[in-house]
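The chain contents come next:
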Amino acid sequence: MPLFSVKMRASRTAHGVNEHISGAERIVDAQCVPALAGELVTRAQRHSKGNPDFINIKVTAVPESDCLHLPALPVRTLACANAAEGLRLASGLLRELGLTAPEAVLARLPEASGLRGAMLLDAHTLERLEPDKERGVRATCMDRAGTTAATSGATGKNHYQEALVLATKVASAPNILAEICISDDPDYVTGYVASRTLGYVRILHMKEPGSPEGGRIFLYQGPREELAGTLEFIERQPVLVEDLPESPDSHPGTQDASCPVSPNVAAEPARQADKWAFLEDGLQRLTSEGLRRHIRDMASAPGPHVECEGRERLLLCSNDYLGLANDERVKARAAQALALWGTGTGGSRLTTGSLALHSELEQRLAAFKHAEAALLFNTGYMANTGVITALCGQGDVIFSDELNHASIIDGCRQSRAEIVVYRHNDMSDLEAKARLRAGRRGLIVSDAVFSMDGDIAPLPDLLRIADRYSFLSMIDEAHATGVLGATGRGAVEHFGLSSMPDITIGTLSKALGSEGGFVCGQARLIEYLKNRARSFIFSTALPAASVAAALAALDILCQEPWRVRRLQEHTAFFCHCLQAEGLNAHSSSAIVPLIVGDEKNATRVADELFARGYLLSAIRYPSVARGQARLRATLRSDHTRTDLAEAARQTALALRSSGIPR
Ligand code: PMP
């Protein structure tokens, strides 16, 4: 008798964005297909997430002989009082499987939360292995054995059985060590750890009630050459799972007798727990991993030296590259504008908030970047998200460097376009990926100077590839404006190019000493963005003082190009001093990274330097990948060589005294 896979996907388009509502899959006998399709449509229409406006039912023949029949994993349940305890239980199980740092695996769960599929991690290096990191790995083509339309129960989803079917299939995949799963349903706090040896271990409290955070991780333990076989099994091998037990919630007797559910936990609805307890748990986890962040208040204006926590320190982590944020001329222009125009604009640019000053700055920025026109945003972050979402949508493709700034990543995610991440600054990888998608509407986007590494995007090659495949090109010059090129005009000047990227993003908050973001490009692009960029349209216009400050800073940048030159000389000098101390330091911008690796070590060295009177950042996950923590020094044109030489010496001393190899 032939079998058929019947898949349902339901979605809705709201505010121009397509939202997934629900999905399900069954493998059934031919005669069950019509009734099952009907049940699945009903289920799609009754979903708690709302009414779909698109329901897709896909029916595919599955040869019976291709189906693998697997016995369901044995089930047991572990009770616990709260999420912290539940996560400890999960850690214990993973330790049983031979993992030495299971907490680090669990800490990756939030990262898996936005994926439609699961995150696939190397069990030991924790490297992500999914071919498509935006989508994750989706386990499909499986069902419980012997489903008929009458027994499918499709209209009432049985989370437990569906999870057990999935877990049984995944645990049987070659080289899969374990699966960890927490539901994204805010009301469902039970999660599980599953593996061939552990079975399916339900943990009654893996997150706090009310939290929409969930995620699924598959742990891979095997050679890379066999990864394709694992993916093929998870995504395509038809599996029927036999002997599924009833839900333990309806039959308490099926729970593992050695781990009885505590009556307190069972009787007390989870909703009555402290609804904010997840904050404590989350913060504690960050602390234990060296990822907790703290705000440090400055007691003086930005400058090469600042007053901070009771003493003067050399500031080596500011983006005020040209020392203009506290320049007397810049402050005077801002003060004048403040006196004339007041503190706030009281409206968005398209309503009542636009001043002649805004348009003047836009014209000046466009001229500075040799572009036809420019548009101001309230921050560089908003410029990136606003531009990307205005230009790209569902069906489009965005090629994004893997080390791009978070604001670019967020813009890509919000756009709903297909996101293709290419290897950092690897133009062969970009070209190979572009070639596969030739003919589509697309955008290639990159930082010009990478904010955590200080290296420069290979703009000539990037523009050539964009041109060859007719994709739009976009670079973010947040750390390039005022820094790269003889007159600080950025990457185009640095490379001596005659052609420009289609879209240039900048910020006023770094070398221009103010706040705000901007985009430069063709006049018709700017006109379009005024009408389509949501972060431009729906936010109050920048205050006059900030705009006037940026105008003054731009004047100074044009009149005093020696500032840019000095900054460039400082980078070369500082790297030379660090190298003389035996450290591996290189940079072509004003950002000098020193890779430490471990998060806690990086924090320890930064604290040690703080105690010695030096303020530089310990950059950790999520700003960089886990295990890639670093010290990041950023230079200013008003530093002195004496200060920089001593800073290099002290940095080397602090690294050595913390036992960090060079
Ligand atoms: N892009 C990059 C590369 C950045 O480093 C930053 C700021 N860290 C931004 C955009 C955001 O700019 P803003 O601070 O003006 O929001």
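Residues numbered from 1 in each chain as written. Predicted model: local features only at pLDDT ≥ 70, side-chain atom pairs only at ≥ 80, totals over all residues. Heavy atoms only, no water.

Describing the pattern of salt bridges
When their charged atoms lie close together, side chains carrying opposite charge are able to pair. The full count for this structure, using the stated rule, is 40 salt bridges. A salt bridge links Glu111 to Arg108, with the nearest nitrogen and oxygen atoms 2.6 Å apart. Note on Glu111: relative accessible area 24%, which makes it partly exposed. Classification of Arg108 as buried rests on a relative accessible area of 7%. (Salt bridge = Lys/Arg side-chain N within 4 Å of Asp/Glu carboxyl O. Buried < 20%, exposed > 50% of the residue type's maximum accessible area, 1.4 Å probe, protein only.)

Quick look at helix H9 (residues 328–341)
Spanning 14 residues, H9 covers 20 Å between terminal C-alpha atoms, matching the ideal 20 Å at 1.5 Å per step. Residues of H9 that are buried: Val330, Ala334 and Ala337. Viewed end-on, H9 has its buried residues packed into an arc of 65°, placing them on one side of the element. Of the residues in H9, the exposed ones pointing more than 90 degrees away from the buried face are Glu328, Gln336, Ala339 and Leu340. Against the buried residues of H9 lie helix H10 (356–368) and helix H18 (544–559). In the stretch just after H9, Gly342 is the one whose phi turns positive, near 85°. (Helix = DSSP H or I, 4+ residues; strand = E, 2+ residues; numbered from the N terminus. Expected span 1.5 Å × (residues − 1). Arc of directions from axis to C-beta. Contact = heavy atoms within 4.5 Å.)

A look at the site of the ligand
Not every one of the 15 residues close to the ligand is listed here, only the nearest: Gly380, Asp476, His479, Thr507 and Lys510. Here Gly380 contributes a backbone N or O atom positioned 2.8 Å from an oxygen atom of the ligand. Within the contact set of the ligand, an oxygen atom lies 2.7 Å away from a side-chain nitrogen or oxygen of Thr507. Taking 390 Å² as the accessible area of the ligand by itself, protein coverage stands at 82%. Its residues assigned to classes, the shell around the ligand shows two nonpolar, ten polar and three charged. (Near = heavy atom within 4 Å. Polar contact = N/O pair within 3.5 Å; in protein donor to acceptor, adjacent residues only side chain to side chain. Areas by Shrake-Rupley, 256 points an atom, 1.4 Å probe, with all protein chains shown as cover. Nonpolar A, V, L, I, M, F, W, Y, C, P; charged D, E, K, R; others polar.)

A word on the nonpolar core
Soluble globular proteins: nonpolar side chains tend toward being buried together. Grouped together as the largest cluster of nonpolar side chains are 90 residues, with contacts concentrated most on Leu361, Leu365, Phe399, Ile444, Leu508, Phe574 and Leu631. Sort the elements by how many residues they give to this core and H18 lands first, with twelve residues. Residue assignment places this core across two domains, with domain 3 (305–319 + 562–657) and domain 4 (329–557) each supplying three or more. Beyond its immediate sequence surroundings of up to four residues, Leu365 is in contact with Ala374, Leu376, Leu508, Leu512, Phe518, Cys520 and Leu554. If you look at the next biggest cluster of nonpolar residues, it comprises 32 residues, including Ala118, Ala139, Tyr192 and Val241. (Core = buried A, V, L, I, M, F, W, Y, C linked by side-chain atoms within 4.5 Å. Domains from an automatic or database assignment.)

A short note on the side chain of Glu431
When you line up the elements, Glu431 lands in helix H13 (residues 427–436). Setting aside residues up to four positions removed in sequence, Glu431 forms contacts with Arg464, Ile465, Arg468 and Tyr469.

Looking at unusual backbone geometry
With an omega of 5°, the peptide bond between Tyr621 and Pro622 qualifies as cis. The residue Pro622 is located in the loop between strand E24 (617–619) and strand E25 (629–634) in this model. The phi dihedral of Cys141 is positive, around 70°, even though this residue is not glycine. Secondary-structure assignment places Cys141 in the loop between strand E6 (119–122) and strand E7 (142–144). Overall, Cys141 belongs to the buried group, its relative accessible area being 12%.

Points about the pairing of strand E20 (residues 503–507)
Consecutive residues of a regular strand have side chains that alternate between opposite faces of the sheet. Of all the five residues making up E20, five are buried; the element is thus mostly covered by neighbouring parts of the structure. On E20, burial covers both faces: Ile503, Ile505 and Thr507 on one face and Thr504 and Gly506 on the other are all buried. With four bridges joining them, E20 and strand E21 (residues 517–521) adopt antiparallel strand pairing. Bridging from a neighbouring strand, Thr507 pairs with Gly517 of E21. (Pairing = 2+ DSSP bridges.)

Quick look at the domain arrangement of the protein chain
Accessible area lost on assembly of the parts is the figure often given for the size of an interface. The domain boundaries assigned to the protein chain delineate domain 1 (3–64), domain 2 (68–288), domain 3 (305–319 + 562–657) and domain 4 (329–557). With centres defined by C-alpha atoms, the gap from domain 1 to domain 4 works out at 41 Å.

A few points about the layout of surface pockets
With a probe scaled to a water molecule rolled over the atoms, the places where space remains empty come into view. Size it by volume and the second largest pocket reaches roughly 670 Å³. Of all the secondary structure elements, the ones that give two or more residues to the lining of the second largest pocket are helix H20 (599–611), strand E23 (614–615) and E24. The element contributing the most residues to the lining of the second largest pocket is H20, with five residues. Broken down by class, the residue content of the lining of the second largest pocket amounts to eleven nonpolar, six polar and six charged. (1 Å grid on protein atoms, 1.4 Å probe; cavity = no way out; pocket = protein on both sides within 12 Å on 5 of 7 lines; lining within 4 Å. Points joined across faces, edges and corners; volume = space filled by probe spheres on them.)

Remarks on the confidence of the model for the protein chain
Regions with low pLDDT carry predicted coordinates that are not meant to be interpreted in detail. Averaged over every residue, the pLDDT of the protein chain is 90; the share at 70 or more is 94%. Per-residue pLDDT stays below 50 along residues 152–156; that stretch engages in 15 contacts with residues further than four places along the chain or on separate chains. The low-confidence segment residues 250–271 (pLDDT under 50) makes 23 contacts with residues lying over four places distant or belonging to another chain. (pLDDT = per-residue confidence, 0-100.)

Considering the packing of helix H11 (residues 380–391) against helix H12 (residues 406–415)
Interhelical geometry of H11 versus H12 gives an angle of 30° and a closest axis separation of 8 Å. One element, H11, and the other, H12, form an angle in the roughly parallel class. With respect to the hand of their crossing, H11 and H12 are arranged in right-handed fashion. On the side of H11, the interface is formed by Tyr381, Asn384, Thr385, Ile388 and Thr389, while H12 contributes Ser407, Ile408, Asp410, Gly411, Cys412, Gln414 and Ser415. Across the contact of H11 with H12, the residue classes tally to four nonpolar, seven polar and one charged. (Axes fitted to C-alpha atoms, helices over the stretch in contact; angles between N-to-C directions. Parallel < 35°, antiparallel > 145°, perpendicular 65-115°, else oblique. Left-handed = near helix turned anticlockwise from the far one by under 90°.)

Notes on the packing of aromatic side chains
Aromatic rings in a pair are described by how distant their centres are and how their planes are angled relative to each other. One pass over the full model with this rule turns up five aromatic pairs. Taken together, a centroid distance of 5.9 Å and an interplanar angle of 65° make the contact between Phe377 and Phe536 edge-to-face. In this pair, Phe377 is assigned in strand E15 (residues 373–377) and Phe536 in helix H17 (residues 534–537), connecting sequence segments 159 residues apart. According to the relative accessible area criterion, Phe377 is buried, its value standing at 1%. Taking 4.9 Å as the distance between ring centres and 50° as the angle between the ring planes, the aromatic pair formed by Phe399 and Phe471 counts as tilted. Of this pair, Phe399 sits in strand E16 (residues 397–401) while Phe471 sits in the loop between helix H14 (459–468) and strand E19 (472–476), and the two are 72 residues apart along the sequence. For the pair Phe399 and Phe471, a shared accessibility class is recorded, and that class is buried. Taken together, the ring pairs connect Phe399, Tyr469 and Phe471 into an aromatic cluster. Lying over the aromatic face of Phe233, Lys169 brings its terminal NZ or CZ to 5.9 Å of the ring centre. When the ring centre of Phe573 is taken as reference, the NZ or CZ atom of Arg641 above it lies at 4.3 Å. (Phe/Tyr/Trp six-rings, centres within 6.5 Å; stacked < 30°, edge-to-face > 60°. Lys NZ or Arg CZ within 6 Å of the ring centre and 35° of its normal.)

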